[in-house]
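# Coordinates in review
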Number of protein chains: 4
Amino acid sequence: MSTPQARRGNTRQRIQDVALELFSEQGYEKTSLREIAEKLEVTKAALYYHFKTKEDIVISLFQGLTSPIDELIVWAQEQPRTLETKHELIRRYSESLRSAEPLFRFMQENQAAVRDLSIGERFKERMLTLFGLLKEPDSELSDQVRCITALFSMHAGMFAMQNVEGDPEEKRKAILEVATELVTAANPPNRRPVRPDSAQTEAP
Amino acid sequence: MSTPQARRGNTRQRIQDVALELFSEQGYEKTSLREIAEKLEVTKAALYYHFKTKEDIVISLFQGLTSPIDELIVWAQEQPRTLETKHELIRRYSESLRSAEPLFRFMQENQAAVRDLSIGERFKERMLTLFGLLKEPDSELSDQVRCITALFSMHAGMFAMQNVEGDPEEKRKAILEVATELVTAANPPNRRPVRPDSAQTEAP
Amino acid sequence: MSTPQARRGNTRQRIQDVALELFSEQGYEKTSLREIAEKLEVTKAALYYHFKTKEDIVISLFQGLTSPIDELIVWAQEQPRTLETKHELIRRYSESLRSAEPLFRFMQENQAAVRDLSIGERFKERMLTLFGLLKEPDSELSDQVRCITALFSMHAGMFAMQNVEGDPEEKRKAILEVATELVTAANPPNRRPVRPDSAQTEAP
Amino acid sequence: MSTPQARRGNTRQRIQDVALELFSEQGYEKTSLREIAEKLEVTKAALYYHFKTKEDIVISLFQGLTSPIDELIVWAQEQPRTLETKHELIRRYSESLRSAEPLFRFMQENQAAVRDLSIGERFKERMLTLFGLLKEPDSELSDQVRCITALFSMHAGMFAMQNVEGDPEEKRKAILEVATELVTAANPPNRRPVRPDSAQTEAP
DNA sequence: AATGAATGAGGGTTCATTCAT
DNA sequence: TATGAATGAACCCTCATTCAT
């Protein structure tokens with residue numbers, strides 16, 4: 001399974017795999033490059049052939065994740081700001097997260113470490129943008145909470161439910177369902193008509 | 001305000017304050033005892049006079065938090081398992097958290113570090129117990145998600161909303177409101193009639 | 001057995017007892033004052049009320065031992081330099097050691113530590129003096145070995161024989177017996193003239 | 001002689017040399033890795049490249065010694081249990097020790113430290129095995145003392161006689177001579193024939 | 001594509017010791 | 001006759017990183 005021959009040429013990938021595994025198991029700070037190297041049966045120096053720094057490994061891990069999200073954001077910005085769009089937004093988001101579960105677990109559990117890791121700031125921006133796309137500009141506090149909770153539950157959901165029995169895909173659907181409800185509740189249909197400060201009579 | 005004389009006798013407290021501040025600002029692993037000591041203008045060794053290990057400092061930080069929660073759990077277990085009880089449960093829980101916000105930020109952002117910190121396991125148990133008190137024994141996946149999300153939103157809520165403007169106390173209320181809704185939705189009134197173990201024929 | 005009342009006034013003694021116990025059990029360097037203090041249920045500072053330094057404790061431990069040996073040396077120097085005197089010397093020496101066994105175990109097992117402990121040099125002198133009293137001035141190498149071995153076996157004997165079953169007092173006698181033989185052999189009465197093993201009739 | 005270039009490739013060896021030197025000069029506990037590193041003009045971290053722990057250095061020092069002794073033990077167990085075998089045993093043992101003098105000085109003077117150093121227990125076993133090979137199964141206490149003394153004198157002998165003038169090789173021979181005598185005396189010729197553990201009618 | 005050897009900075013922790021009270 | 005609080009120095013050890021080969 002990991003004979004020297006089989007390792008030819010895919011060391012970079014293997015480093016990423018092991019790194020993600022250990023990072024999300026033990027945390028970023030507690031995982032040393034020595035540990036990663038040992039598990040791969042290579043030298044620490046070999047890691048430095050493939051990655052410039054420890055942080056670089058993390059960055060590379062996120063590379064497959066950020067562009068899908070960026071595309072999603074672009075897509076959403078092009079759509080009309082309807083409830084349907086929002087529903088579709090989180091549906092697609094949920095989809096994106098499916099393959100990235102360990103990455104999110106890692107991020108969720110290592111926020112303190114990730115925060116000053118350059119990826120941190122970038123990610124926060126995305127979150128705020130998504131948040132902005134979900135909530136109405138002047139919505140009430142509680143509606144904002146609903147939107148944030150919707151996003152968070154999708155991030156944290158999967159591994160927060162490790163103790164709950166059930167098929168992973170079923171869980172994901174359940175989480176999406178709740179998130180959708182929250183978004184729905186955060187966008188009351190009859191709100192804008194009544195709002196006095198800008199007679200947005202979007203009546204049919 | 002910080003003359004050597006004025007510091008007599010409250011060093012332990014001051015260590016805890018600075019530690020919590022730095023831990024939740026920079027993360028547990030990235031905060032060194034040297035740093036804490038320097039900020040206090042004492043020696044590292046002085047910290048060791050007051051606390052046996054670095055972990056011991058963390059444990060002491062949680063000491064004021066665990067017992068209120070334990071009491072809350074005991075209280076809830078003595079109440080009838082009604083929706084009102086559940087509402088009151090999270091209302092009280094929200095109250096408990098008010099003073100413990102930095103502690104929760106710390107825990108939320110350092111899960112990886114906290115996990116093998118002895119406090120981690122204990123805390124997880126509490127969460128599972130609370131979860132068990134909120135959800136009905138045989139509730140559907142989506143209802144379980146609602147309960148977990150309710151709990152999580154209360155933990156993460158405050159600092160997840162740092163970018164949202166508004167009075168902290170207002171935010172807390174908004175969060176509580178959403179959490180309450182989630183719990184309500186997770187406990188559909190027409191479910192209980194069917195439950196066999198206690199013919200609660202709550203007529204339609 | 002160690003009520004606060006019973007401890008009145010004899011703390012100094014108790015420190016010495018515990019110190020000797022721990023020193024010879026774990027070694028001098030590995031035994032910290034904290035450990036001693038904890039076992040006594042006093043503070044480290046209390047030790048410093050009774051002893052100026054850690055080394056001072058050791059010195060005090062040897063105080064009961066050095067004078068008997070000094071007296072023994074004085075006595076021996078006043079006697080005629082006969083074999084009988086030498087026998088009596090080691091007999092009395094053996095007697096002195098009986099009560100000082102833990103002390104010798106400590107010294108034997110912590111030579112490296114004791115060496116630069118001021119007591120070390122002083123003790124070495126005594127040993128050399130005793131050695132000088134046992135051997136004849138111009139004796140052969142092998143006879144010098146016999147004398148040194150006699151002394152050493154008395155020091156190391158007791159705890160070197162911990163694995164051998166038997167009554168401690170019996171052991172001491174056995175050791176003394178062997179030591180006596182060694183001294184006898186090192187002091188052949190008719191030495192140079194007659195040595196038997198190779199009719200070296202070095203007659204004048 | 002110690003240019004960076006000349007040092008390449010033999011650092012491990014140099015660490016061992018300096019370590020043994022310092023350990024036996026100052027004691028194990030009192031010798032810090034900083035000291036060793038400084039004397040070698042490398043960093044402490046360099047030591048850790050070559051040895052996993054401080055204890056590991058000690059273990060490596062003993063590696064050249066234990067196998068000769070083990071072989072010696074095996075050899076002796078294959079021989080008939082005669083006096084000649086015993087003589088040859090200690091003769092060979094003495095030979096083994098010749099090159100290991102500093103090591104034995106170290107061990108002898110740091111027993112307390114070595115005792116819980118993993119090497120300690122292993123070494124003690126060897127000693128007991130050798131002891132068992134020298135003494136007769138049911139020999140008297142005094143004979144057991146003779147055997148133990150024989151062994152000990154060979155260990156301690158060399159550096160116990162540092163103050164005695166004479167050629168080292170001559171000293172070794174003298175020590176071996178005395179040890180041989182002790183073993184001889186511990187194995188009385190007329191004991192075995194008669195031994196039915198009682199009625200030892202040792203004819204005149 | 002990788003290694004062997006090393007470094008500098010810093011980690012948490014422990015020590016003997018001091019001194020005002 | 002002790003203690004509470006603190007210190008400075010040192011400890012062993014680990015880390016991410018470098019660089020010649």
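Before any of the text, the structure's been laid out above.
Now for a description of the structure that goes with this document. In this text the structure is predicted, and so the values were computed from the model without any measurement. (Residues numbered from 1 in each chain as written. Chains lettered and ligands numbered in written order. Predicted model: local features only at pLDDT ≥ 70, side-chain atom pairs only at ≥ 80, totals over all residues. Heavy atoms only, no water.)

## Comments concerning helix H9 (residues 119-134) of chain C
With 16 residues, H9 of chain C should cover 22 Å at 1.5 Å per step; its first-to-last C-alpha distance of 23 Å lies within 8% of that length. As for H9 of chain C, its buried residues are in contact with helix H5 (54-78), helix H6 (83-99), helix H7 (101-109), helix H8 (111-115), helix H10 (141-160) and helix H11 (168-186) of chain C. (Helix = DSSP H or I, 4+ residues; strand = E, 2+ residues; numbered from the N terminus. Expected span 1.5 Å × (residues − 1). Contact = heavy atoms within 4.5 Å.)

## Some points on the interface of chain B and chain A
Between chain B and chain A, the contact holds 40 residues from the first and 40 residues from the second. Around 3,200 Å² of area is buried between chain B and chain A when both sides are counted, 63% of it from carbon and sulfur atoms. Scanning the region where chain B abuts chain A turns up eight salt bridges. For the salt bridge of Lys-30 of chain B with Asp-116 of chain A, the shortest nitrogen-to-oxygen distance reads 3.3 Å. The interface formed by chain B and chain A contains 12 residue pairs in polar contact (both at pLDDT 80 or more). (Buried area = accessible area lost by both parts, 1.4 Å probe. Salt bridge = Lys/Arg side-chain N within 4 Å of Asp/Glu carboxyl O. Polar contact = N/O pair within 3.5 Å; in protein donor to acceptor, adjacent residues only side chain to side chain.)

## A few points about the protein's contact with DNA strand E
The environment of DNA strand E is made up of 34 residues, and the closest members are Thr-43 of chain A, Tyr-48 of chain B together with Thr-43, Tyr-49 and His-50 of chain D. Backbone sugar and phosphate groups make up 63% of those atoms of DNA strand E lying within 4 Å of the protein. The backbone of Leu-33 of chain C places a nitrogen or oxygen atom 2.9 Å from a phosphate oxygen of DNA strand E. Going through the elements one at a time, helix H4 (44-50) of chain A, helix H3 (33-40) and helix H4 (44-50) of chain B, helix H3 (33-40) and helix H4 (44-50) of chain C together with helix H4 (44-50) of chain D are the ones with two or more residues in the surface near DNA strand E. (Near = heavy atom within 4 Å.)

## Overview of the interface of chain C and chain D
If you look at the interface, chain C gives 40 residues, while chain D gives 40 residues. Approximately 3,200 Å² of surface area, both sides summed, lies buried where chain C meets chain D, with 63% of it carried by carbon and sulfur atoms. At the boundary of chain C and chain D, one finds eight salt bridges. The salt bridge involving Glu-177 of chain C is made with Arg-146 of chain D; its shortest N-O contact spans 3.5 Å. Counting every contact that joins chain C to chain D gives 12 residue pairs in polar contact (both at pLDDT 80 or more). Of all the secondary structure elements, the ones that give two or more residues to the side of chain C that touches chain D are helix H2 (11-26), H7, H8, H9, H10 and H11 of chain C.

## Observations regarding the nonpolar core
The biggest cluster of nonpolar side chains holds 125 residues, and the ones touching the most others in it are Tyr-93 of chain A together with Tyr-93 of chain B. The contacts of Tyr-93 of chain B, once residues within four sequence positions are left out, are Ile-69, Leu-72, Phe-104, Phe-123, Met-127, Leu-130, Leu-151, Met-154 and His-155 of chain B. Counting 124 residues, the second largest nonpolar core, distinct from the first, contains Val-18 of chain C together with Leu-47, Phe-51 and Leu-130 of chain D. (Core = buried A, V, L, I, M, F, W, Y, C linked by side-chain atoms within 4.5 Å. Buried < 20%, exposed > 50% of the residue type's maximum accessible area, 1.4 Å probe, protein only.)

## Details of the packing of aromatic side chains
Under the criterion given, the structure shown has 24 aromatic pairs over all chains. For the pair Phe-62 of chain B and Phe-106 of chain B, a centre-to-centre distance of 6.2 Å together with 50 degrees between the ring planes defines the contact as tilted. Linking Phe-62 of chain B in helix H5 (residues 54-78) with Phe-106 of chain B in helix H7 (residues 101-109), this pair joins segments that are 44 residues apart in sequence. Here a set of aromatic residues connected by ring pairs shows up, and it is made of Phe-23, Tyr-28, Phe-62, Phe-104, Phe-106 and Phe-123 of chain A. A cation sits over an aromatic face here: Lys-54 of chain B above Tyr-28 of chain B, 4.3 Å from the ring centre. (Phe/Tyr/Trp six-rings, centres within 6.5 Å; stacked < 30°, edge-to-face > 60°. Lys NZ or Arg CZ within 6 Å of the ring centre and 35° of its normal.)

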